[in-house]
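Chain by chain, the residues run as shown.
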Amino acid sequence: MLGSSFRREKKSAFTAARTSTAEKISVPKELYSDFFRLGLRPGAPLTACKSAQRDLLKVHHPDRHAETYLSWKSATEIASSINASFQRISYWYQTGILD
């Protein structure tokens, strides 16, 4: 039971309070577009944001669109915007401040 599958994560009080789905939180308006880019409502839990990021990158990863330079470049820009949105949301959940 206590093998490699057991992992204990440190969470700040701020993060623990914001990952609860039952609690309503106030999201800064600057992050609305980031939540929407991930296909989520503002205030979605961080676990849902991570899951949405992974699902979107499976579709829009540049390696999957290497047929032409233009499709690769477009996929790279989309993947970059997905990652940037997730990083801003994640930083806000962890620290409570905007990047």
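The preceding data block contains the structure.
The sections below set out a description of the structure shown in this document. Since this is a predicted model, take the numbers as computed values, not measurements. (Residues numbered from 1 in each chain as written. Predicted model: local features only at pLDDT ≥ 70, side-chain atom pairs only at ≥ 80, totals over all residues. Heavy atoms only, no water.)

**Describing the overall build of the protein**
To keep it simple, the criterion reads: Numbering of helices and strands runs from the N terminus; a helix is a DSSP stretch of H or I covering at least four residues, while a strand is a stretch of E covering at least two. Only protein chains enter the accessibility calculation, which uses a 1.4 Å probe. A residue is then buried if its area is under 20% of the maximum for its type, exposed if over 50%, and partly exposed in between. The contact rule is simple, with two residues in contact once any of their heavy atoms fall within 4.5 Å. Accessible areas in this description were obtained via Shrake-Rupley with a 1.4 Å probe; residue shielding takes into account the shown protein chains only.
Tallying secondary structure elements over the protein gives four helices and zero strands in all. In sequence order, the protein lays out its α and β elements as α-α-α-α. When the 99 residues of the protein are sorted by exposure, 26% land in the buried category. Restricting the contact set of the protein to residue pairs at least 6 apart, pairs at least 24 apart contribute 54%. Surface summary for the protein: the accessible area is close to 7200 Å², and the carbon and sulfur share equals 54%.

**Observations regarding the nonpolar core**
We count it as follows: Within this scheme, the nonpolar core is defined by two criteria: the residues are buried Ala, Val, Leu, Ile, Met, Phe, Trp, Tyr or Cys, and they are joined through side-chain atoms within 4.5 Å.
Residues Phe35, Leu38, Leu40, Cys49 and Tyr93 are the most contacted members of the largest nonpolar core, which totals 17 residues. Contributions of two or more residues to this core are made by helix 3 (46-60) and helix 4 (69-95). At six residues, the largest contribution of residues to this core is made by helix 4. When neighbours within four sequence positions are excluded, leucine 38 is seen to be in contact with Cys49, Ala52, Gln53, Leu56, Ile82, Phe86 and Ile89.

**Structural notes on the side chain of glutamine 53**
Stated precisely, the cut-off is as follows: Polar contact is defined as a pair of N or O atoms within 3.5 Å, subject to the rule that within protein one atom must be able to donate a hydrogen and the other to accept it, and that residues adjacent in sequence are counted only when both atoms are side-chain atoms.
Note on placement: glutamine 53 falls in helix 3. Overall, glutamine 53 belongs to the buried group, its relative accessible area being 7%. Of the polar contacts made by the side chain of glutamine 53, one reaches the side chain of lysine 50; its length is 3.2 Å. A polar contact is formed between the side chain of glutamine 53 and the side chain of asparagine 83, at a distance of 2.7 Å. Leaving out residues up to four positions away in the same chain, glutamine 53 has contacts with Leu38, Ile82, Asn83 and Phe86.

**Notes on helix 4**
Selection criterion: Expected helix span is computed as 1.5 Å times (number of residues minus one).
Counted at 1.5 Å a residue, the expected span for helix 4 with its 27 residues is 39 Å, and the 38 Å between its end C-alpha atoms agrees. Ala75, Ala79, Ile82, Ser85, Phe86, Ile89, Ser90, Trp92 and Tyr93 are the residues of helix 4 that are buried. Two residues or fewer after helix 4 comes glycine 96, characterised by a positive phi angle close to 85 degrees.

**Observations concerning helix 3**
The line we're drawing: What the arc covers is the set of directions going from the helix axis to the C-beta atoms.
In this model helix 3 runs 21 Å from its N-terminal to its C-terminal C-alpha over 15 residues, within 8% of the 21 Å that 1.5 Å per residue would give. All buried positions along helix 3 are accounted for by Leu46, Cys49, Ala52, Gln53 and Leu57. Viewed end-on, helix 3 has its buried residues packed into an arc of 130 degrees, placing them on one side of the element. Those residues of helix 3 that are exposed and angled more than 90 degrees off the buried face are Thr47, Arg54 and Lys58.

**Quick word on the pattern of salt bridges**
Spelled out, the test is: Here, a salt bridge means any side-chain nitrogen of Lys or Arg that lies within 4 Å of a carboxyl oxygen of Asp or Glu.
For the structure on display, the rule yields two salt bridges. Across the pair arginine 37 and aspartate 34 runs a salt bridge whose closest N-O atoms are separated by 3.5 Å. Of this pair, arginine 37 and aspartate 34 both sit in helix 2 (residues 32-37), separated by three residues, roughly a single helical turn. By relative accessible area, aspartate 34 is classed as buried at 2%. When the shortest N-O distance is used, the salt bridge between arginine 88 and aspartate 34 registers 2.8 Å.

Interpretation note: all reported values are geometric properties and have no functional meaning in isolation.
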